[in-house]
Amino acid sequence: MPDTPTKETVLAALKSVRTPGGVDLVSAGILSEIAIVKGKVYFALSVPPRDARAYEAVRREAEETVRALPGVAGATVVLTADAKEGEAAKQADAAIGRGIGGVRHIIAVASGKGGVGKSTTAVNIALGLLANGLKVGLLDADVYGPSVPRLLAISEKPGLIGDNILAPIEKFGLKTMSIGFLVEEETPMIWRGPMVISALTQMLNDVAWGELDVLVVDMPPGTGDAQLTMAQKASLAGAVVVSTPQDLALIDARKGLEMFKRVNVPVLGIVENMSYFICPKCGEQSDIFGHGGAENEARKLGVPFLGALPLHMAVRETSDAGRPIVVSDPTSTHARLYREIAASIWNGLSGAATVKGPKIVIE
């Protein structure tokens, strides 16, 4: 058996642990994704509320079994139970309602649907804020589809400060955290809602963010439970909504805008991404997805229009290479557009009160 623990060795050991029904823990289908950070193993057991008490002994045995493996520096196994809606809301309130010391403003970059370039926009906006002289962090809150590890070419695992505080990974001067730092890129996150909320609260509160002017949160697409919890409980100073110009995307963007309105989060503005295509050979502009739809929507809704970003090969290539356009080609037109959008966002925050956000716990 290797001295460094792996998911395979952990799973092999857990087959010796039996549930109250006599099934081995791996076959029972209640294991979360296993995270291993510097020899410390973290995972959860998700069971119905009525079985929580009976599974406490199983949780302890699983923790002791993993802790005894060669190379394991520690093990934390958490028992989660799907609560009723009201109980789940109370638990989320308690876990996320606290502030993040040192962080002045938390802003969300959101979209009503996937595929509109939200994460690329979020990363370049964060780097734009940084280029404008601010202290900035970036939280990848898209648990099911984390993009920040690829967009910033980060492959290392975050370190631990003490027993359960994660050290953010710095890249290009940006402090970052993502669930993608803890799992392999190909690993699907087969987690239920309560576990996603737990992971998000951990990445907010159990990370040593330090002193930041802005923490940019790359939100999951859509308006589901994770998005609503973050919007309600993370003490957001404001939200930026990203959309493409066509009507189909704008329908979903309106839902995102309405969500923030209902939970009293100020909308700092709308960004129209892939607003037009510039041919890399001839320089001709083509409105592949239409043009101006997001700007018209912003005008109708009375919210700021932050700018139009092109669909351009350079943005795609630098993003895929893990060197976003703002840092790889800072004098380019595209980098200038991101910095201008970042400046508009900061101007929108200038009158906001100091923001306190939620807290994260490693499980």
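Nothing here was measured: the structure is a model prediction, and the numbers come from that model.

1. Some details on the overall build of the chain
Part 1 of the reasoning: A count of helices and strands for the chain gives 12 helices and 15 strands.
Part 2 of the reasoning: Considering only contacts in the chain between residues 6 or more positions apart, those separated by 24 or more positions represent 77%.
Part 3 of the reasoning: As displayed, the chain offers around 15900 Å² of accessible surface, 51% of which is attributable to carbon and sulfur atoms.

2. Re the nonpolar core
One broad trend across soluble globular proteins is that nonpolar side chains are buried collectively.
Part 1 of the reasoning: Judged by nonpolar contacts, the single largest core of 83 residues is most densely connected at Trp 209, Leu 215, Val 216, Phe 260 and Ile 345.
Part 2 of the reasoning: Not counting residues up to four positions away in its chain, the partners in contact with Val 216 are Ile 107, Val 109, Ala 122, Ala 126, Leu 129, Val 136, Gly 137, Leu 138 and Leu 139.
Part 3 of the reasoning: Membership of the second largest hydrophobic core comes to 21 residues, among which are Val 10, Leu 14, Phe 43 and Tyr 55.

3. Considering the packing of helix H4 (residues 118–131) against helix H12 (residues 333–349)
Part 1 of the reasoning: Contact geometry for H4 and H12: axes closest at 8 Å, N-to-C directions at 75 degrees. In terms of orientation, H4 and H12 fall into the roughly perpendicular class. Contacts between H4 and H12 involve Thr 120, Thr 121, Asn 124, Ile 125, Gly 128, Leu 129 and Ala 131 on the former and, on the latter, Tyr 338, Arg 339, Ile 341, Ala 342, Ile 345 and Trp 346.
Part 2 of the reasoning: A class-by-class count of the residues in the contact of H4 with H12 yields eight nonpolar, four polar and one charged.

4. Considerations on the side chain of Ser 119
Part 1 of the reasoning: For Ser 119, the position within the fold is in helix H4.
Part 2 of the reasoning: A relative accessible area of 11% means that Ser 119 is categorised as buried.
Part 3 of the reasoning: Here Asp 218 takes part through its side chain, which lies 2.7 Å from a polar atom of the side chain of Ser 119.
Part 4 of the reasoning: Setting aside residues up to four positions removed in sequence, Ser 119 forms contacts with Ser 147, Leu 151 and Asp 218.

5. Section: H12
Part 1 of the reasoning: Counted at 1.5 Å a residue, the expected span for H12 with its 17 residues is 24 Å, and the 25 Å between its end C-alpha atoms agrees.
Part 2 of the reasoning: Along H12, the positions that sit buried rather than exposed are His 334, Ala 335, Leu 337, Tyr 338, Ile 341, Ala 342, Ile 345 and Leu 349. Axial view of H12: buried residues confined to an arc of 160 degrees, hence all on one face.

6. So, the pattern of salt bridges
Part 1 of the reasoning: Enumeration over the complete set of coordinates arrives at nine salt bridges.
Part 2 of the reasoning: For Arg 59, the salt bridge is made with Glu 63, and the minimal N-O distance between the two is 3.3 Å. Residue Arg 59 and its partner Glu 63 are located together in helix H2 (residues 52–67), separated by four residues, close to a single helical turn. The exposure classification of Arg 59 matches that of Glu 63, with both residues buried.
Part 3 of the reasoning: The partner of Arg 67 in a salt bridge is Glu 63, and the shortest N-O contact between them spans 3.4 Å. Here Arg 67 and its partner Glu 63 are both found in helix H2, four residues apart, which amounts to about one turn of the helix.
Part 4 of the reasoning: In this structure Arg 67 comes out as partly exposed when scored by relative accessible area, which is 40%.
Part 5 of the reasoning: Using a relative accessible area of 14% as the deciding quantity, one classes Glu 63 as buried.

7. Some points on the side chain of His 334
Part 1 of the reasoning: Here His 334 is to be found in helix H12.
Part 2 of the reasoning: Once residues within four sequence positions are removed from consideration, His 334 is found in contact with Pro 310, His 312, Ala 314, Val 315 and Ile 325.

8. Some remarks on the confidence of the model for the chain
Caution applies to low-pLDDT regions: their predicted coordinates should not be interpreted in detail.
Part 1 of the reasoning: Per-residue pLDDT for the chain averages 80, and the proportion of residues at 70 or more is 82%.
Part 2 of the reasoning: Taken element by element, the chain is modelled with least confidence in helix H3 (residues 85–96), mean pLDDT 44, and with most confidence in strand S5 (residues 136–140), mean pLDDT 95.
Part 3 of the reasoning: This model gives residues 83–98 a pLDDT under 50, and the stretch forms 23 contacts once residues within four places in sequence are excluded.
Part 4 of the reasoning: Note that pLDDT drops below 50 for residues 352–363; the model gives that stretch 67 contacts with residues more than four away or on any other chain.

9. Digging into helix H1 (residues 7–14)
Owing to its 3.6 residues per turn, the α-helix aligns residues three or four sequence positions apart on the same side.
Part 1 of the reasoning: For H1, every residue scored as buried is listed here: Thr 9, Val 10, Ala 13 and Leu 14. An end-on view of H1 places all buried positions within 135 degrees of arc, on one side of the element.
Part 2 of the reasoning: Buried residues along H1 sit against strand S1 (35–37), strand S2 (40–47) and H2.

10. Concerning unusual backbone geometry
Part 1 of the reasoning: Backbone geometry places Ala 153, a non-glycine residue, at a positive phi of 50 degrees.
Part 2 of the reasoning: As for its position among the elements, Ala 153 is in the loop between helix H5 (148–151) and strand S6 (160–161).
Part 3 of the reasoning: Even without glycine at this site, Phe 172 takes up a positive phi of about 60 degrees.
Part 4 of the reasoning: Residue placement: Phe 172 occurs in the loop between strand S8 (169–171) and strand S9 (174–178).
Part 5 of the reasoning: Taking the relative accessible area as the measure of exposure, Phe 172 reaches 25% and is therefore partly exposed.

11. Structural notes on the sheet that holds strand S12 (residues 267–272)
Part 1 of the reasoning: Taken in spatial order, the eight strands line up as S8-S9-S5-S10-S4-S11-S12-S15 in an open sheet, and their pairing is mixed. The sheet is open, and its two borders are formed by S8 and strand S15 (305–308), each paired with just one other strand. On average, each strand axis in the sheet is tilted by 25 degrees relative to the strand beside it, whichever way the strands run.
Part 2 of the reasoning: Across four bridges, strand S4 (residues 103–110) lies against strand S11 (residues 238–243) in parallel orientation. Considered in S11, the bridge of Ala 108 is made with Ala 239.
Part 3 of the reasoning: H4 rests against S4, S5, S9, strand S10 (212–218), S11 and S12 of the sheet, and its axis sits at about 175 degrees to S10.

Each value, and the rule that gives it
Residues numbered from 1 in each chain as written. Predicted model: local features only at pLDDT ≥ 70, side-chain atom pairs only at ≥ 80, totals over all residues. Heavy atoms only, no water. Helix = DSSP H or I, 4+ residues; strand = E, 2+ residues; numbered from the N terminus. Contact = heavy atoms within 4.5 Å. Areas by Shrake-Rupley, 256 points an atom, 1.4 Å probe, with all protein chains shown as cover. Core = buried A, V, L, I, M, F, W, Y, C linked by side-chain atoms within 4.5 Å. Buried < 20%, exposed > 50% of the residue type's maximum accessible area, 1.4 Å probe, protein only. Axes fitted to C-alpha atoms, helices over the stretch in contact; angles between N-to-C directions. Parallel < 35°, antiparallel > 145°, perpendicular 65-115°, else oblique. Nonpolar A, V, L, I, M, F, W, Y, C, P; charged D, E, K, R; others polar. Polar contact = N/O pair within 3.5 Å; in protein donor to acceptor, adjacent residues only side chain to side chain. Expected span 1.5 Å × (residues − 1). Arc of directions from axis to C-beta. Salt bridge = Lys/Arg side-chain N within 4 Å of Asp/Glu carboxyl O. pLDDT = per-residue confidence, 0-100. Pairing = 2+ DSSP bridges.

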